[in-house]
Amino acid sequence: MQINSPIIGRDAELEVLTEAVKRVRAGRSHVVFLEGFAGVGKTRLLRYGLQDCRAWREISIILDQQHTRDDGYVLQRIVDLFGVASESLSIPELTVEAQRLAAAMRTPTVLTIANAHWLDDASAEGLLRLSAAIHESPVLLILSAQPTTRSSVSRLASFARSNLHGSYLLLEPYGPSEAKELLAEKLNTPIGSSVVQRVLKETAGYPLLISAVAEYLSRTPLGQRSLPEAFCAMYAGAEWQRMRRAVREILRQVDQSTAHALELVATAQAPLSRVQLEQAAGHPVDLAELLETGLVVWDGTRLGYTPRNRVVAQALTAFLSSQGLVRIHRELLKVVAPYESLFHRTEIVRLMPEEDEVESLTAERARAGCDALRRGEIGEALDHFLARARLRCNEAAVADLLTAAVPRGQLIALAEFELQIRNLPDGPLRAAGLAFLALGKNDYDSCVMHLEAVGAVDRRTPGALLFAEAVAEAGRSLGLRGDHQRLATAPQVVLEMLQDWQAHLQDIGAQTAVPSAAHEDYVTVGQLAGLHARIRLWEILENREPEGMCAAVGRITELLEGLQGLPGTELAQAELRVGRASRNRQSGRADLAYADLSRVDALPPEHGIARYADLQRALVLHAAGYWEEALQVMEHAASRGLLGREDSSILTLYAAFASLLQQRGLGDRIAALIDEIALVKVAHGAIVSSASDWARVCKADWAQDQEEALRLLARMCDSSGSRWELGLEPILLYARAAHYSGAGTVISQLRQRIERGEVPTDPEMSALLTAWLCAYEHWSMQEPLRAWSAFTEVLDTTATLPGIRPGQPDGGGFRVLRGYAALDRAMLLSYHPEMLGEYLDTAVNELEWALVLYRSIGASHAAELTEVQLKSLARRREPDRPGEREGSATVHEAPPSAVSISAGESPRADTGPVLWELSKRERQVAMRIAAGETNKEIARGLGVSVRTVDYHVSNVLTKLGLGSRRQVRQIIRSAAPGMVA
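In the nomenclature of an unreviewed UniProt entry, the protein is known as HTH luxR-type domain-containing protein of Nesterenkonia rhizosphaerae.

Printed below as a string of C-alpha cells:
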C-alpha cells in the first residue's frame, strides 16, 4: 500500500531501506533487522520504504507467541510457499531446502517476518545460516521485532548489525520536533512547546499514541478540545491496548522474580537502588535480565532503576489486581523515603478502604495541603486535596479542592467529583462548585443560572469566599465572550458580602480571619480587596459605550492604586493590568498596553487571565510589526488553551493566528482553520464572531475582493462593540475597503462618528484616524493635493508615535498601519500623475521604508502591492519617451512601470505566463478590457463598483508593465487567441 506522505523523522532509516532495495535489485541479498517497541512505527516505515517493490515477489510470515514452541515453523512456511512439501523434512533438511530455494531465485523477492521476537530457536538458527549463504540472490529478508532477551533472535540482530550484507535499524520514540510535526499534520491551530512536552510525557514519544491523541483532537470541535480528555480517550483506545499487549508479551518471557521486580519499579515514585529493590521484593533480582527486557533503565542521576517511560510504567501496573497493587505498595513502604510513603499509604487505603485509616489519611492530606497553600505551593496543595477528595469527598474536601484548583485554572480537575458536588446541600459552596464545573465545560448558561440562584450570602456561610471567586471568574469569562450584563444580581450580592467582611476585620483590628470551620485556610484583607477589584474590573470593561471605554483606563488605574502594598493581591493586580492593557491597545496606546503586559509574565499558565494576556500581547506585537514574536506568543497561548480549556480568548487568538498567516500569504495552510472557527463562533460569543469575520476580511483583502471585505467589516460593527476588541486595524481596513469599493458615504459616516467621540480611541489616534479618512474623502472628490496633505499628516503622526520598546523603528506600535498609509499615498500619485514632479521622491522614499518593513516581517501580500507601486513610481523618474503611452493618463489608468510596450510594438513572447501573476479578479478585468468594455461595463458585468474596477485596472497595468488599455488588448489577444472576441 502506498502512503501519501513521508514518514516523519525517519529519513536515515528510509535511506537504509532504499540502499537495501538497490542491492537486491542489483542481484545481491540483504538482511534488515528492524527493532522497536510496539507503536514506534515499524509497519508504517516498511510500507513506505518498500513501496517501490510492489512488482516484486512478496512473502510475509506473521508470528505470535505460540510459534516459539513450534520448531522450524518459519522454515516450513518458506518451503511450503515455494510449492515444496515440507511435512517429511527434518529441521536440518528444511534449512538446506530453504537455502537451495533462496539461492535459486532470479526474481527480486521480499521475505518479511513480522514479530520476529517470537521466532522459534530452530528457525532463527536456520535463517542465520540462510542469510550467510545466499549473497548472490535477489532476496531482501526483513525481520521486524520488539526488544527481546532471547539469544537466538539476538544473534540475528548481531548478524544484521555487523555483516556487509545486513542492516540493523533501531526505531526510537519521537523527540520534540518529530512529535510537533506529527501533531501539526492533524491540527490546524498553533502548537506550542508545552503541549509537545506534555504529549511526549504522556505518550513517551510513541508515534502510534501521538497519532491517537492528534486524531481525537482533530475530531473535537474548537472550543471543546482538551489534552487531558484526549489522553483519557487514548487510554481507552485500541492503540493503548496494543501497547499493553506488547508489555504483556515481554513479561511472559521473564521469570517470576524479574516480573515482580518490574512491578515494583513501575509502581515506585522514584528510582530504586539494587538494595531497595531486593529488600522490597524479598529475593535476589537478576539485574541483567531486568535491563534486557528493555522496560527498565538505569537512572545515573538519581542512582536507581526506573521504568523506561510513563507508558511502560502504566502498562506494567495495568495487569495487577487491586490486591496485587496493595501488596506492591506495602512492599515499597519498607524501603521508600518518608515523603514518598504518604503516596503509598494513600493508594493502599484507596484500594482497600478501612474507616480508621481513611479518617487519619484525609486529615493528614488536608494538613499537608493547607501547609502548602501557606507556603504558596498551590500545585502541591492541589495534589494533596485531590488525593483527599478521592478518599472522602465531603463538604470540607470540596472547599479545599476549589481553593487550590481555581487559582491554578485547573477546573478540569473538578470533573471527577461532579456527582459529589451536586449532592452537597444548597448554598454558596454548592453553587460555586457547579458554576466552576460549568465554566470548565464552557457552559455559560448553566454557570449564570447557578450563581444567580443564590440570594444574600453571609460571610460566615461555608463557601462564601469561593462563591465570590466564582462570580469573579464568571464575570471575566462572560466579559471575554462579549456577553455583557449576563450576571444581574450575583456581583452586587458578593460586593456587599466582601464589604461586610472587610468592615468586620477593621472592627476587630485583624489582618486575617478564619472564614469557616470547614477548613483551615485563612482569608486576608488583601484577598478580599483583590476579589472586590476583580469583580469591579469586569463591570468596568462591560461598558461598550465609547465614553465608558475611554474612561475605563482611569477607573482601572484607581483600582490598582487601591491594591498597592496589600499582600495577597498579586493575581488581582495582574488581572487589572491585563484589563487596562486591553483598553489601552484598543484606544491606540500600544506602548502603555505593552508596558502593562510586560509586568504579568508570572501568571499561572492554566489561568484564564493568562490566556487573555497572551491574546493582548500577540495583538500588540502584530500591529507593531513583530510578527515572529507574535507567532511565538500565539503558540504559547494555544498551549495554555489545550492544557486547560479553549475559552473565548483562545478562539479569538486562533482567528488572529489565521489572519497573520493569511497576511503572510499562507492562506491555503489556514483555510480549514478559518472554516472551523466559523462553525463554532456563534456558540462562543460576539467577540469570537468578530474575530472570525476579521480572519475572513484578511482573506478577502488578500484576494483584493474589497466588496467582500467591506461586507464583513460592516457586520463586525455590532452593538457589542466587539470590533473595538481587535483594535484600530479593522477600523482603517474598513475605511480602505470602502474607499476602493467606491462607498464614500461609509467613510464620511465613520469620520463623523470619530469626531463626535463615538469611537473609543486616544485623542491623538482620533486625530490620526480623522486625517486618514479625510484623505480618502478628498481623493474621492478629486482633490489630490488636499488628500496628499492629509496622508502626509498621517505619516508624520505615526512616525512620532512612541514605540512599544526603547529604540523601536518609526511607526511605534503601528508600523504595519504606517506602511498602509505610505502605500495609499503612492496609489494617489498613480491616479494623479500630474503631481509626480513635486512629490515623486517623497512617495518613493516612504514606499522603500514600507517594503523593507513588509519583507522583514513576511507580509508577502503587502510587500507585493508595495513593490508594484514602487516599480511604477520608479519608472516615472526616467524621462518620458515619445509614443510610450496611448494618449494622456486618466484616473482609470496607472502610469507605466519599468517595462512598457508602445502602441506600435509587438507583445512580448513570454506574456502568457505573466497573466497568471494577476489575481483571479484581475484576470477577469483584463479579459473584459481586451473585449473592449469600459470600466462602467466591467463593473456592471462583475457586480462591483466602478472604483473597484479602477483599482483592479491600475493593478493590471502596473503588474504587466503596460501604459494603456490597448496594450492590454494586445497582450491578451496574443497570449490567449480565441478567448477574446
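Caption draft 1: Region of the structure containing the packing of helix α5 (residues 121-133) against helix α6 (residues 151-162). Two numbers describe how α5 lies on α6: the axes approach to 8 Å, and their chain directions differ by 15°. Regarding the angle of α5 to α6, the classification is roughly parallel. Where α5 crosses over α6, the handedness of that crossing is left-handed. Across the interface between the two elements, Asp121, Ala124, Glu125, Leu127, Leu128, Ser131 and Ala132 from α5 touch Ser152, Arg155, Leu156 and Phe159 from α6. Of the residues in the contact of α5 with α6, the class split is 6 nonpolar, 2 polar and 3 charged.

Caption draft 2: Geometry of the packing of aromatic side chains. All told, the structure shown has 11 aromatic pairs when counted by the stated rule. Centre to centre, the rings of Phe37 and Tyr206 are 5.7 Å apart; their planes meet at 40°, and the pair counts as tilted. Of the two residues, Phe37 is situated in the loop between β1 (30-35) and α2 (42-49) and Tyr206 in the loop between α8 (193-203) and α9 (207-219); the sequence distance between them amounts to 169 residues. A single burial state applies to Phe37 and to Tyr206, both of which are buried. With a centroid separation of 6.0 Å and an interplanar angle of 85°, the aromatic rings of Tyr740 and Trp779 are classed as edge-to-face.

Caption draft 3: Summary view of a negative patch on the surface. A grouping of Asp11, Glu15, Glu181 and Glu185 is seen on the molecular surface, where their side chains present a negatively charged patch. Only α1 (11-25) and α7 (176-186) provide two or more residues apiece to the negative patch. By relative accessible area, Glu185 is classed as partly exposed at 43%.

Caption draft 4: Region of the structure containing the environment of Gly479. Its place among the elements puts Gly479 in helix α24 (residues 464-481). Among the residues examined, Gly479 registers a relative accessible area of 9% and is labelled buried. Counting along the chain gives 59 residues from Gly479 to Trp538, while the straight-line C-alpha distance between them is 6.4 Å.

Caption draft 5: Structural view of the nonpolar core. Tyr654, Trp772, Trp779, Tyr854 and Leu873 are the most contacted members of the largest nonpolar core, which totals 133 residues. Once you skip the residues sitting within four places of it in the chain, Tyr654 turns out to touch Thr189, Pro190, Leu222, Arg225, Ala638, Glu646, Leu673 and Ile677. In terms of nonpolar packing, the next biggest core, distinct from the first, is built from 85 residues, Trp56, Leu171, Ala280 and Leu295 among them.

Caption draft 6: Main features of unusual backbone geometry. With a phi angle near 60°, Asn115 is a residue other than glycine that sits in the positive phi range. Turning to its location among the elements, Asn115 is positioned in the loop between β3 (109-114) and α5. Relative accessible area serves as the criterion here: at 27%, Asn115 is assigned to the partly exposed category.

Caption draft 7: Quick peek at helix α46 (residues 935-942). If you check which residues of α46 are buried, you get Asn935, Ile938 and Ala939. Around the axis of α46, the buried residues are gathered within 100° of arc, so they sit on the same side. Exposed side of α46, more than 90 degrees from the buried face: Lys936 and Arg940 are the residues found there. Where α46 terminates, the next one or two residues include Gly943, which has phi positive at roughly 75°.

Caption draft 8: Representation of the sheet that holds strand β4 (residues 139-145) in the model. Taking strand neighbours across the sheet as the criterion, the 5 strands line up as β2-β3-β4-β1-β5 in an open arrangement whose pairing is parallel. At either end of the open sheet lies a strand with only one pairing partner, and these are β2 (57-62) and β5 (166-170). Pairwise comparison of adjacent strand axes, ignoring direction, gives a mean angle of 10° for this sheet. Examined bridge by bridge, β1 and β4 share 6 bridges and lie parallel to one another. The residue of β4 that forms the bridge with Val31 is Leu141.

Caption draft 9: Representation of the packing of helix α37 (residues 728-740) against helix α38 (residues 744-755) within the structure. Contact pair α37 / α38: the axes reach a minimum separation of 7 Å and the direction vectors enclose 150°. Comparing their axes, α38 and α37 come out roughly antiparallel. As for how α37 packs across α38, the hand of that crossing is left-handed. Of the residues in α38, those in contact with Ile731, Tyr734, Ala735, Ala738 and His739 of α37 are Gly744, Val746, Ile747 and Leu750. Grouping the amino acids of the contact of α37 with α38 by side-chain chemistry returns 7 nonpolar, 2 polar and no charged.

Caption draft 10: View of helix α10 (residues 227-235). Taken together, the buried positions of α10 are Leu227, Pro228, Ala230, Phe231 and Met234. The buried side chains of α10 occupy one side of the element, clustering within an arc of 160° when seen end-on. On the buried face of α10, the contacting elements are α8, α9, α11 (238-251) and α31 (627-643).

Caption draft 11: Fine view of a nonpolar patch on the surface. Residues Leu291, Trp298 and Leu303 make up a contiguous nonpolar surface patch of about 310 Å² in total accessible area. Assignment of secondary structure puts Trp298 in strand β6 (residues 296-299).

Caption draft 12: Summary view of the pattern of salt bridges. Scanning the model with the defined rule gives 50 salt bridges in all. Between Arg150 and Asp121 there is a salt bridge; the shortest N-O distance is 2.9 Å. Pair noted here: Arg150 is in the loop between β4 and α6 and Asp121 is in helix α5, with a separation of 29 residues, a long-range link. Residue Arg577 pairs with Asp596 through a salt bridge whose shortest N-O separation is 3.5 Å. Placement of Arg577 in helix α28 (residues 570-587) and of Asp596 in helix α29 (residues 590-597) is noted, with a sequence separation of 19 residues between them. Taking relative accessible area as the criterion, Arg577 reaches 8% and is therefore assigned buried. You can call Asp596 buried: its relative accessible area is 5%. Within this structure, Glu469, Glu473, Arg476, Arg534 and Glu575 form a network of salt bridges that share partners.

Conventions used here
Residues numbered from 1 in each chain as written. Predicted model: local features only at pLDDT ≥ 70, side-chain atom pairs only at ≥ 80, totals over all residues. Heavy atoms only, no water. Axes fitted to C-alpha atoms, helices over the stretch in contact; angles between N-to-C directions. Helix = DSSP H or I, 4+ residues; strand = E, 2+ residues; numbered from the N terminus. Parallel < 35°, antiparallel > 145°, perpendicular 65-115°, else oblique. Left-handed = near helix turned anticlockwise from the far one by under 90°. Contact = heavy atoms within 4.5 Å. Nonpolar A, V, L, I, M, F, W, Y, C, P; charged D, E, K, R; others polar. Phe/Tyr/Trp six-rings, centres within 6.5 Å; stacked < 30°, edge-to-face > 60°. Buried < 20%, exposed > 50% of the residue type's maximum accessible area, 1.4 Å probe, protein only. Patch = residues over 30% accessible without salt bridge, like charges linked within 9 Å, V, L, I, M, F, W, Y side chains within 5 Å. Areas by Shrake-Rupley, 256 points an atom, 1.4 Å probe, with all protein chains shown as cover. Salt bridge = Lys/Arg side-chain N within 4 Å of Asp/Glu carboxyl O. Lys, Arg positive; Asp, Glu negative; His and termini not counted. Charge placed at Lys NZ, Arg CZ, Asp CG, Glu CD. Core = buried A, V, L, I, M, F, W, Y, C linked by side-chain atoms within 4.5 Å. Arc of directions from axis to C-beta. Pairing = 2+ DSSP bridges.

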